[in-house]
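Examining the three-dimensional arrangement
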Amino acid sequence: MKTVDGDIFSGTKAVDEKLKFDSLKLQAWIDEYVPGAGKIKTIEQFKGGQSNPTYKIVTESKNLVLRRKPPGKLLPSAHAVDREYKVMTALQDTKVPVPKTYGLCEEDEVIGTPFFVMDFLDGNIYWDLLLDDKSPAEKSDIYASKNNVIAQLHMVNYESVGLSDYGKPGNYIARQVSRWTKQYIASETQDIPAMNKLIDWLPSNIPDEDETSIVHGDYRLDNMVFNTNNNVMGVLDWELSTLGHPIADFNYHCMGWRNIPQLVDEKFCKENGIPTEKEYRDMYSKITDKNLDEHWEFYTIFNFFKLAGILQGIMGRVRDGTAASKHAEDRGDQVIPLAESAWDLVEKNYK
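Now for a look at the structure at hand. (Residues numbered from 1 in each chain as written. Predicted model: local features only at pLDDT ≥ 70, side-chain atom pairs only at ≥ 80, totals over all residues. Heavy atoms only, no water.)

1. Quick notes on the overall build of the chain
- The number of helices and strands found in the chain is 13 helices and twelve strands.
- The C-alpha atoms of the chain give a radius of gyration of 20 Å, which matches the 20 Å a tight globule of 351 residues would have.
- Taken over the C-alpha atoms alone, the chain extends approximately 60 × 45 × 40 Å along its principal axes.
- The 351 residues of the chain split such that 55% are buried.
- A separation of at least 24 residues holds for 72% of the contacts in the chain among residues at least 6 apart in sequence. (Helix = DSSP H or I, 4+ residues; strand = E, 2+ residues; numbered from the N terminus. Rg over C-alpha atoms; globule rule 2.2 N^0.38 Å. Buried < 20%, exposed > 50% of the residue type's maximum accessible area, 1.4 Å probe, protein only. Contact = heavy atoms within 4.5 Å.)

2. A few points about the pattern of salt bridges
- By the definition in use, this model includes 15 salt bridges.
- Linking Arg 220 and Asp 218 is a salt bridge whose minimum nitrogen-to-oxygen distance equals 2.7 Å.
- The exposure class assigned to Asp 218 is buried, which follows from its relative accessible area of 8%.
- When salt bridges with common partners are traced through the structure, they connect Arg 258, Glu 277, Arg 281, Asp 293 and Glu 297 into a single cluster. (Salt bridge = Lys/Arg side-chain N within 4 Å of Asp/Glu carboxyl O.)

3. Side note on the nonpolar core
- Counting residues in hydrophobic clusters, the biggest one holds 83 residues, and the most contacted among them are Leu 91, Leu 198, Leu 202, Ile 214 and Trp 238.
- Apart from residues no more than four positions distant in its own chain, Leu 91 is found in contact with Val 96, Val 98, Leu 153, Val 156, Ile 214 and Trp 238. (Core = buried A, V, L, I, M, F, W, Y, C linked by side-chain atoms within 4.5 Å.)

4. So, unusual backbone geometry
- A positive phi angle is found at Asn 230, which is not glycine, with a value near 65 degrees.
- Here Asn 230 shows up in the loop between β10 (224-226) and β11 (232-235).
- Overall, the relative accessible area of 6% leaves Asn 230 in the buried class.

5. Section: the pairing of strand β3 (residues 40-46)
- Relative to β3, strand β2 (residues 12-13) runs antiparallel, the two being bridged by two bridges. Counterpart to Thr 12 in the pairing with β3 is Phe 46.
- Pairing of β3 with strand β4 (residues 54-59), which is carried by five bridges, proceeds in the antiparallel orientation. Bridging from a neighbouring strand, Ile 43 pairs with Ile 57 of β4. (Pairing = 2+ DSSP bridges.)

6. So, helix α1 (residues 23-33)
- Looking only at α1, the buried set comprises Leu 26, Gln 27, Trp 29 and Ile 30. All buried residues of α1 project into a common sector of 165 degrees when viewed along the axis, lining one side. The exposed set on the far side of α1, more than 90 degrees from its buried face, consists of Leu 24 and Glu 32.
- In this structure, the buried side of α1 is in contact with β3, β4, β5 (63-68), β6 (101-105) and β7 (115-119).
- Two to three positions downstream of the cap, the backbone nitrogen of Leu 24 sits 2.9 Å from a side-chain oxygen, assigning the N-cap of α1 to Asp 22. (Arc of directions from axis to C-beta. Polar contact = N/O pair within 3.5 Å; in protein donor to acceptor, adjacent residues only side chain to side chain.)

Next up, the structure:
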């Protein structure tokens, strides 16, 4: 897996001392669940994955990825590696590309916390939505592929792939507002007035429209692996997936058009082969036959709030000493700007 753009979260490193485990116990598990893998040669830790520590396991015949719950004090319902494993396994034979999964270990005896193992994908991960090292044609292909994959995800019949019990159909937005409010409060490190206002405003302004699909919950460019033809070969990091509202999920994925100055500039987008926000929305609508226009701004407000809640959760783990990345604190600096941007949209569109 090649990481592109030189981001500080890219690539692997030696395993952090507090995240090491007994490789002999893991070897016994691999021998049972990954036939033919052979002996473990190396274990490294991916620099990313602040939420669930993630490792590259190289054996005699396979390159594998192990994803585990972190040790220590955890927020309720967070770090759900069992759910990640379930949804990725269910999607194996759909049009949504995911790595092959081998098994889930829910016991602590092997490496100290629950984990699952999947194939390592030998492709490219991009961290920069501007894709500066790509031609306009390549950028266009990458954007088209990631748009198609999230559209295909939202069209999967969750009942037919065995995910009827993966979440509660309906009222997704209300439940998400409640969830991220609770997790934000549990992780709070300072008083943020804009977050307090959003917590009060969101529950009574949820649109009446409701539909249910499998949602990824964190569908970002750097959670996808691309092949040499600029097509998505695998979607990663399903920790926040559930049964939810597809338009909210798609909107979350579109936030770059609101917070990256170049993407806000339609002239820049057209010159660089990147669709504008409206063009990108239309691509998704054409595939899914969904109308995104009426409540688009509400979903943007909701998703700024949600992302602020996620990043505050990382800050809470910094506070508690359980964050898996020394760079996690830097991401917490985005909480206030996100909350204030969301409240600005409320005042512009609803006041």
